[in-house]
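Structural overview
Below, each chain spelled out in residue letters.
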Amino acid sequence: MTEKQPFEIDEVIDRLRQAVSSFPKAAMFELAAQGYNSPFEQLISCIISIRTYDEVSLPTAKRLFDRARTPAEMVQLSVAEIERLIQRSTYHDAKAQQIWDIADRIVREYGGELPCDEQVFLSFKGVGAKCAHLALGIACEQPYISVDIHVHCVTNRWGYVQSRTPEKTLAALEAKLPQQYWIEINALLVPFGKHICTGNAPKCPKCPLLSMCQQVGVEG
């Protein structure tokens, strides 16, 4: 393997921005760009996106928000109606109940406004760190890293971190990645992981980071 150049994260981020500029944005970032950027909308859109492709979750979230964009509006819908609106999303029946329950609790306990508070987000049944951190980063501009499969796999393939699970990748990135990139890393690595640094067959010859990437686990 050719000797690699030093891995300079500022240069990496610059190259990533250019590399993904022509690709569709990750669903939640695209929704925010279209004005669906409240904490509630971002949290609900993340729930819809779980185990669902962006190409499906983006229009599905918009379809729901066309009917209800606030917790007060959402609780006016029945669970069955929410399920019908998000039926293209995986596990739509369970998600519909979860969405209604979250909206109802926000109305009852927080006056209809979801506060930008990590512990509140994580207190909702079925909401884990990935969704909480992504929604807090986008909607509230709070410095959190959201580690999905793309962030986990790509940063380990680079050799930037060495961790076996997304949870350990999160801890490693929090210790190493400059905080100014914490929110953006997810926005960059979702399209990068989909189109260039793909799972089993990464397009290394076309990658702008090849000269710095350690290509951990890449065969051939």
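Before reading further, recall that the structure is shown in the block above.
Quick summary incoming for the structure in this document. Source: prediction; values computed, not measured.

1. Here's the deal with the state of the cysteines
Taken as a whole and assessed by the stated rule, the structure comprises two disulfides. Paired by a disulfide, Cys-46 and Cys-131 hold their sulfur atoms 2.1 Å apart. Its S-S torsion of about -90° marks the bond between Cys-46 and Cys-131 as left-handed, since a negative value means left-handed. Taken together, the residues span a long stretch of sequence, with Cys-46 in helix 3 (residues 39–49) and Cys-131 in helix 9 (residues 129–140) at a distance of 85 residues. With respect to class, Cys-46 is no different from Cys-131; both count as buried. One disulfide bridge connects Cys-116 with Cys-140, the sulfur atoms lying 2.0 Å from each other.

2. Some remarks on the side chain of Asn-156
Summarising the element assignment, Asn-156 is placed in helix 10 (residues 149–158). For Asn-156, a relative accessible area of 13% puts it in the buried group. When residues no more than four places from it in sequence are discounted, the contact partners of Asn-156 are Val-161, Gln-162, Ser-163, Thr-169 and Val-216.

3. Focus: the side chain of Ser-163
Inspection of the secondary structure puts Ser-163 in the loop between helix 10 and helix 11 (166–176). A distance of 2.5 Å separates a polar atom in the side chain of Ser-163 from a polar atom in the side chain of Thr-169. Ser-163 has contacts with His-152, Asn-156, Lys-168 and Thr-169, leaving out every residue within four places of it along the chain.

4. Concerning the layout of surface pockets
Roughly 740 Å³ of volume is contained in the largest pocket. Counting residues per element, the ones that place at least two in the lining of the largest pocket are helix 2 (27–33), helix 3, helix 9, helix 10, helix 11 and helix 12 (184–195). No other element matches the four residues that helix 9 contributes to the lining of the largest pocket. Among the residues making up the lining of the largest pocket, the classes are represented as 15 nonpolar, six polar and six charged. Computed from the structure, the second largest pocket encloses a volume of approximately 160 Å³. Looking at the second largest pocket, the residues that line it are Ala-94, Gln-97, Gln-98, Asp-101, Ile-102, Arg-105, Ser-123, Phe-124 and Lys-125.

5. A short note on the packing of aromatic side chains
Working definition: an aromatic ring pair is given by the centre-to-centre distance plus the angle between the planes. Per the counting criterion, the structure on display carries three aromatic pairs. Ring geometry for Phe-7 and Tyr-160: centres 5.3 Å apart, planes at 35°, overall tilted. One end of the pair, Phe-7, is in the segment before helix 1 (9–20); the other, Tyr-160, is in the loop between helix 10 and helix 11, and 153 residues separate them in sequence. By relative accessible area, Phe-7 is classed as partly exposed at 22%. Judged by its relative accessible area of 8%, Tyr-160 is buried. Through successive ring pairs, a cluster of aromatic residues spans Phe-7, Trp-158 and Tyr-160.

6. Points about the nonpolar core
Ranked by internal contacts, the top residues of the largest apolar core, which has 43 residues, are Leu-43, Ile-44, Leu-64, Met-74, Ile-99 and Ile-102. Listed by contribution, the elements that provide at least two residues to this core are helix 2, helix 3, helix 4 (54–65), helix 6 (79–85), helix 7 (92–110), helix 8 (118–123) and helix 9. Contacts of Ile-99, omitting those with residues within four sequence positions, involve Ile-44, Ile-47, Ile-48, Leu-64, Met-74, Ile-82 and Ile-86. Counting residues in hydrophobic clusters, the runner-up holds 28 residues, among them Leu-16, Val-20, Leu-173 and Met-212.

Reading the values: rules and limits
Residues numbered from 1 in each chain as written. Predicted model: local features only at pLDDT ≥ 70, side-chain atom pairs only at ≥ 80, totals over all residues. Heavy atoms only, no water. Disulfide = S-S within 2.5 Å. Helix = DSSP H or I, 4+ residues; strand = E, 2+ residues; numbered from the N terminus. Buried < 20%, exposed > 50% of the residue type's maximum accessible area, 1.4 Å probe, protein only. Contact = heavy atoms within 4.5 Å. Polar contact = N/O pair within 3.5 Å; in protein donor to acceptor, adjacent residues only side chain to side chain. 1 Å grid on protein atoms, 1.4 Å probe; cavity = no way out; pocket = protein on both sides within 12 Å on 5 of 7 lines; lining within 4 Å. Points joined across faces, edges and corners; volume = space filled by probe spheres on them. Nonpolar A, V, L, I, M, F, W, Y, C, P; charged D, E, K, R; others polar. Phe/Tyr/Trp six-rings, centres within 6.5 Å; stacked < 30°, edge-to-face > 60°. Core = buried A, V, L, I, M, F, W, Y, C linked by side-chain atoms within 4.5 Å.

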